[in-house]
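Residues per chain are reported as follows:
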Amino acid sequence: MKNAELFERAKKRIPSGVNSPVRAFRKVGGTPRFIREALGPYLVDCEGNRYIDLVLSWGPMILGHCHPEVVDAVIRQAGKGMSFGAPTELEVRMAEQICEAVPSIEKVRLVSSGTEATMSAIRLARAFTSRDLVVKFEGCYHGHVDSLLVRAGSGALTFGVPDTSGVPREIASTSAVLPYNDIEALRAFMAEHGVRVAAVIVEPVAGNMGVVLPKAGFLEELRRITRDHGALLIFDEVITGFRCCYGGYQDMVGIRPDLTCLGKIIGGGMPVGAFGGRSDIMALLAPEGPVYQAGTLAGNPMAVTAGLATLGILKRENPYAGLAHSLEVLTASVEESARSAGIALSVNRVGSMAGIFFSERPVETFDDVMACDAAAYARFFHLMLDRGVYLAPSPYEALFVSTAHTADMLDAVAASARACMAMLSERV
Ligand SMILES: *Cc1c(COP(=O)(O)O)cnc(C)c1O
């Protein structure tokens, strides 16, 4: 079966042919690759084409695909039952492991997606503070929660206008959107509206507009300002959790949010999310407290087994310095190739995640991201894909490396990037 044939078949029965929008390749054009299997750093599509995978399921596969220890654990668990709807020791171990790893998490609930984690954290924050307003930042993505699918109009801070149809204005207006990395905007907003703010939610490293790092002092000031106004600080570490170091980005920078959302890596490729934090806040959850939150498959034994195996390997092997080094070598080479081809490129990188922007200037804000040359990215994407390198099919997503990507393999990616940059410059 060919990718194009499958896509036509898919579009007859699945809206746009995909179960999550970016997969449809709309931002880069062309036909999505339908993946048949994956192993280590590779994806294989339904036509038998092999790609070096730098998307890694949007982050979870930090050990590469089909790590033997993870696969063994999951197969063994499958023989013992796939879902019980009753507590298990696995969940207890997972909660202990998360609390031990992430300093600010005293208690944690497992859910089945990052979206559920942020949705629940916000409900909890609103209940705890008896306030309604939630502040988010432009370009930060927190899953498809109704009240979080909002962003600001150009520049100025505004109360939310729905970013998608189907979200009532009343719900969107319970969120305010501020520019990421602009502490003065937050300070001004909180001075005026702080008494109504239940929580400020932030990706400590923005990973859903490419990768944009927090400016020095931004997260520290966020912590201080939220505390001063009696609002909770929620770190959405669905991408960054267990990515740059074992404890999450908060551990790297020594900041303790009140609540933290996790997902992606903690499921090792299975559907898992988590939210946790201060035990006085978590105590509000039902049945002990008045905040309802539940899930038929929450803490699912198969998913938790994959997560536990993944976290166990990360803890034991501590691959973080090696991953950061691999990515540094790769991105340095790509930057050099762009320079020698006369192409303006700006790379943001931390740990094993990077954002590649076709931009003349450093990318520090949502506006910088929007000013990038998306068409150049689309051309680069397809040139790389033709050479067997699978980048994110959108200029607004991160690039990841895994422990399965060897130095030789990344050298091959760098060589492909060099050739593609040269071709791009010829076309200009
Ligand atoms: C992926 C992501 C989510 C949503 O997680 P899902 O599992 O897709 O629902 C939330 N926040 C961040 C920062 C993410 O990257």
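If you're wondering where the values come from, they're calculated on a predicted model, not measured in any experiment.

Undergrad: It is not clear to me how the layout of surface pockets should be interpreted in this structure. Could you clarify?
TA: Here the idea is plain: a probe the size of a water molecule rolls over the atoms and shows the empty space left. In this structure, the second largest pocket spans a volume of roughly 380 Å³. Along the walls of the second largest pocket sit 21 residues, with Glu-91, Leu-110, Gly-295, Ala-298 and Gly-299 positioned nearest its centre. Elements that contribute at least two residues to the lining of the second largest pocket include exactly α3 (89–101) and β4 (107–111). In terms of residue count, β4 provides more of the lining of the second largest pocket than any other element does, three residues in total.

Undergrad: Can you help me understand the sheet that holds strand β1 (residues 35–39) in this one?
TA: Sheets are built from strands that pair by backbone hydrogen bonding, the pairs being arranged parallel or antiparallel. Read from one edge of the open sheet, four strands run β1-β2-β3-β16, paired in mixed fashion. The sheet is open, and its two edges are formed by β1 and β16 (389–390), each paired on a single side.

Undergrad: Help me understand the pairing of strand β14 (residues 346–350) in this model?
TA: Working note: regular strand, side chains alternate between the two faces of the sheet. The buried count for β14 comes to four of five residues, which makes it a mostly enclosed element. Both β14 and strand β15 (residues 353–357) contribute to a ladder of five bridges, which runs antiparallel. The partner of Asn-348 across the bridge, within β15, is Gly-355. What sits between the antiparallel neighbours β14 and β15 is a turn of two residues, in which Gly-351 has the positive phi angle 55°.

Undergrad: Could you clarify how one ought to interpret the site of the ligand in this entry?
TA: The ligand sits among Ser-113, Gly-114, Thr-115, Tyr-141, His-142, Gly-143, Glu-203, Asn-208, Asp-236, Val-238, Ile-239 and Lys-264. In this structure, Tyr-141 approaches the ligand through a main-chain N or O atom, which is 3.3 Å from a nitrogen atom. Here an oxygen atom of the ligand and a side-chain polar atom of Asn-208 are 3.0 Å apart. Burial of the ligand by the protein chains amounts to 83% of its free accessible area of 380 Å².

Undergrad: When you look at the pattern of salt bridges in this model, what are you seeing that I'm missing?
TA: When the charged atoms of two side chains with opposite charge come close together, those side chains can pair. Using the criterion set out here, one finds 14 salt bridges in the structure. As a salt-bridge pair, Glu-8 and Lys-11 come within 3.2 Å of each other at their nearest N and O atoms. Placement of both Glu-8 and Lys-11 in helix α1 (residues 3–13) is noted, with a separation of three residues, approximately one turn of the helix. The exposure class of Glu-8 is partly exposed, given its relative accessible area of 43%. For Lys-11, a relative accessible area of 40% puts it in the partly exposed group. The closest approach of N and O atoms between Asp-258 and Arg-278, which form a salt bridge, is 3.0 Å. Here the residue Asp-258 occupies a position in the loop between α8 (249–253) and β12 (259–262), and Arg-278 occupies one in the loop between β13 (273–277) and α9 (279–282), the gap between them amounting to 20 residues. Asp-258 gets classed as buried once you look at its relative accessible area, which sits at 6%.

Undergrad: What am I meant to see in the packing of helix α6 (residues 183–193) against helix α7 (residues 218–228) here?
TA: Relative orientation and spacing of two packed helices are given, respectively, by the angle between their axes and the distance between those axes. Viewed as axis vectors pointing N to C, α6 and α7 meet at an angle of 10°, and their least axial separation amounts to 10 Å. Classified by the angle between their axes, α6 and α7 sit roughly parallel to one another. Contacts between α6 and α7 involve Ile-183, Leu-186, Arg-187 and Met-190 from the former and Phe-218, Glu-221, Leu-222 and Ile-225 from the latter. Considered class by class, the residues forming the contact of α6 with α7 number six nonpolar, no polar and two charged.

Undergrad: Help me understand the packing of α3 against helix α10 (residues 301–317), please; the structure alone is not making it clear to me.
TA: Running from N to C, α3 and α10 cross one another at 35°; their axes reach a closest spacing of 10 Å. For the crossing formed where α3 meets α10, the hand is left-handed. Taken together, the residues of α10 that come into contact with α3 (itself represented by Leu-90, Glu-91, Arg-93, Met-94, Gln-97 and Glu-100) are Pro-301, Val-304, Thr-305, Gly-307, Leu-308, Leu-311, Gly-312 and Lys-315. Across the contact of α3 with α10, the residue classes break down as six nonpolar, four polar and four charged.

Undergrad: Is there a simple way to explain helix α11 (residues 320–341) in this structure?
TA: Every α-helical turn comprises 3.6 residues, leaving residues that sit three or four positions apart pointing alike. Helix length check: α11 (22 residues) gives 32 Å between terminal C-alpha atoms against 32 Å at 1.5 Å per residue, within 8%. Residues of α11 that are buried: Tyr-320, Leu-323, Leu-327, Leu-330, Thr-331, Val-334, Ser-337, Ala-338 and Ala-341. The arc enclosing the buried residues of α11, seen along the axis, measures out at 130°, which places them on a common side. Those residues of α11 that are exposed and angled more than 90 degrees off the buried face are Ala-321, His-325 and Arg-339.

Undergrad: Before we go on, may I ask you to explain the domain arrangement of the protein chain in this structure?
TA: Each domain of the protein chain was delimited in the assignment, giving domain 1 (3–62 + 319–427) and domain 2 (68–317). Between the C-alpha centres of domain 1 and domain 2 the distance comes to 26 Å. Contacts between the two partners involve 26 residues from domain 1 and, on the opposite side, 30 residues from domain 2. Roughly 2,300 Å² is buried in total at the junction of domain 1 and domain 2, and carbon and sulfur atoms are behind 67% of that figure. When the buried area of domain 1 at its contact with domain 2 is split by residue, Tyr-320, Met-353 and Phe-366 rank highest and sum to 29% of it.

Cut-offs used in this document
Residues numbered from 1 in each chain as written. Predicted model: local features only at pLDDT ≥ 70, side-chain atom pairs only at ≥ 80, totals over all residues. Heavy atoms only, no water. 1 Å grid on protein atoms, 1.4 Å probe; cavity = no way out; pocket = protein on both sides within 12 Å on 5 of 7 lines; lining within 4 Å. Points joined across faces, edges and corners; volume = space filled by probe spheres on them. Helix = DSSP H or I, 4+ residues; strand = E, 2+ residues; numbered from the N terminus. Pairing = 2+ DSSP bridges. Buried < 20%, exposed > 50% of the residue type's maximum accessible area, 1.4 Å probe, protein only. Near = heavy atom within 4 Å. Polar contact = N/O pair within 3.5 Å; in protein donor to acceptor, adjacent residues only side chain to side chain. Areas by Shrake-Rupley, 256 points an atom, 1.4 Å probe, with all protein chains shown as cover. Salt bridge = Lys/Arg side-chain N within 4 Å of Asp/Glu carboxyl O. Axes fitted to C-alpha atoms, helices over the stretch in contact; angles between N-to-C directions. Parallel < 35°, antiparallel > 145°, perpendicular 65-115°, else oblique. Contact = heavy atoms within 4.5 Å. Nonpolar A, V, L, I, M, F, W, Y, C, P; charged D, E, K, R; others polar. Left-handed = near helix turned anticlockwise from the far one by under 90°. Expected span 1.5 Å × (residues − 1). Arc of directions from axis to C-beta. Domains from an automatic or database assignment. Buried area = accessible area lost by both parts, 1.4 Å probe.

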